Amino acid sequence: MDIEQMLKKNWTDASDSYSNIVNDEINSFLRNEWEKIILENIPERSGLDVLDVGTGPGFFAIIMSQLGNNVTAIDCTAAMIEQAKKNAEKNGVFPNFVVSDGQHTNFDDDSFDIIISRNVTWTLIDAEAAYMEWKRILKPDGKVIIFDANWNHRFFNDEYMKKYNDDLAEYERMFKKPAPRHTPEEEEYRKCMPMCARVRPKWDLDTLMKIGYKRIYCNDDISKRIWDNERQILNKSTPMFMICASK
C-alpha cells in the first residue's frame, strides 16, 4: 500500500468516529469559541467566499455557513464528505461539498476570500504544493487560516516522545482512566507522513514566506481556548497553533 492509499484508508476508516467528535463539538462550548477565534481573524462576518480544506465531517463548513458565508468544503475521502453532508443538513446548512485533493484543485484563480483548515497540513504529502495552490485560488488580499500542531513528531524526535509519554502518564494519574492511543496500523500511517518529521510552525512560516504570502501572523498556542481540560493535559506538549497569512 503506497502513502496515498494509506492516507485515504486512514481517514475513511476514521470517518464515523470523527463525525461523533464533530457533533459533540457543535453541541458544546467549543462551537462558540471556534467562531470567536475565526471572527477575530477574518475581514467580514458574512458574505465571504470560503474554502474549508480537509473538512472531515464538516465542522468548519457548518460554522462558516451558519455565519452567512458562501462555503465550499473539500476532503480527499468520499466517506468524510458523506458524513459532512449529513452533519450540515442536521444543522440546517448546505455548503458545496466536493471530494478533492487539497494539494491540486480544480478551482479558478482568485476564487476565495478565506481558506481555512484544521489538523490538515500534517496529513498532506506535499504541503508546500498545497500552500502554493491555496495562494493561487485566493483572491487578492485573501487570507489563509491554518490550525494545526506537531502531531506525531514524536516518532522522529526522542525528546518529543518522552514528553508525549509524560503527557499520557499525567492524564492517567489525573483522570483515573487509560489514555487514548492509536492502533499499530494508525501509528504506521503517521510515521509515513512527511510533515510529521518537520518542526512546526517554523516550517510553515518559512514556507509561506518563501512562497510570497504577506502579513504572516502566528499564535503558537491557542489550546486553552479550544480544548477542554482533558485534551489540554493529553496534548500538553503538542499545543495547537494558528497561522494567518494573506495573498
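Residues numbered from 1 in each chain as written. Predicted model: local features only at pLDDT ≥ 70, side-chain atom pairs only at ≥ 80, totals over all residues. Heavy atoms only, no water.

Structural notes on the sheet that holds strand S4 (residues 112–118)
(1) Moving on: What the seven strands build is an open sheet, ordered S3-S2-S1-S4-S5-S7-S6; its pairing is mixed. Edge positions in the sheet fall to strand S3 (96–99) and strand S6 (214–219), since each has one partner strand and no second. Ignoring strand direction, the axes of neighbouring strands in this sheet form an average angle of 15°. (Pairing = 2+ DSSP bridges. Helix = DSSP H or I, 4+ residues; strand = E, 2+ residues; numbered from the N terminus. Axes fitted to C-alpha atoms, helices over the stretch in contact; angles between N-to-C directions.)

Section: the pairing of strand S5 (residues 138–148)
(1) Moving on: Relative to S5, S4 runs parallel, the two sharing six bridges. Bridge pairing in S5 places Ile-114 opposite Lys-143.
(2) Moving on: For the crossover from S4 across helix H6 (residues 127–137) to S5, the handedness is right-handed. (Right-handed = clockwise from strand over helix to strand, strands pointing away.)

Side note on the environment of Asn-96
(1) Moving on: Of note, Asn-96 is situated in strand S3.
(2) Moving on: Owing to a relative accessible area of 43%, Asn-96 belongs among the partly exposed residues under this scheme.
(3) Moving on: Along the chain, Asn-96 and Asp-110 lie 14 residues apart, while their C-alpha atoms are 18 Å from each other. (Buried < 20%, exposed > 50% of the residue type's maximum accessible area, 1.4 Å probe, protein only.)

A word on the environment of Leu-124
(1) Moving on: In this structure, Leu-124 sits in the loop between S4 and H6.
(2) Moving on: Judged by relative accessible area, which is 7%, Leu-124 ranks as buried.
(3) Moving on: Taking the C-alpha atoms as reference points, Leu-124 and Trp-227, 103 residues apart in sequence, are found 24 Å from one another.
(4) Moving on: In contact with Leu-124, other than residues within four places in its own chain, are Gln-103, Ala-130, Trp-134, Met-193, Pro-194 and Met-195. (Contact = heavy atoms within 4.5 Å.)

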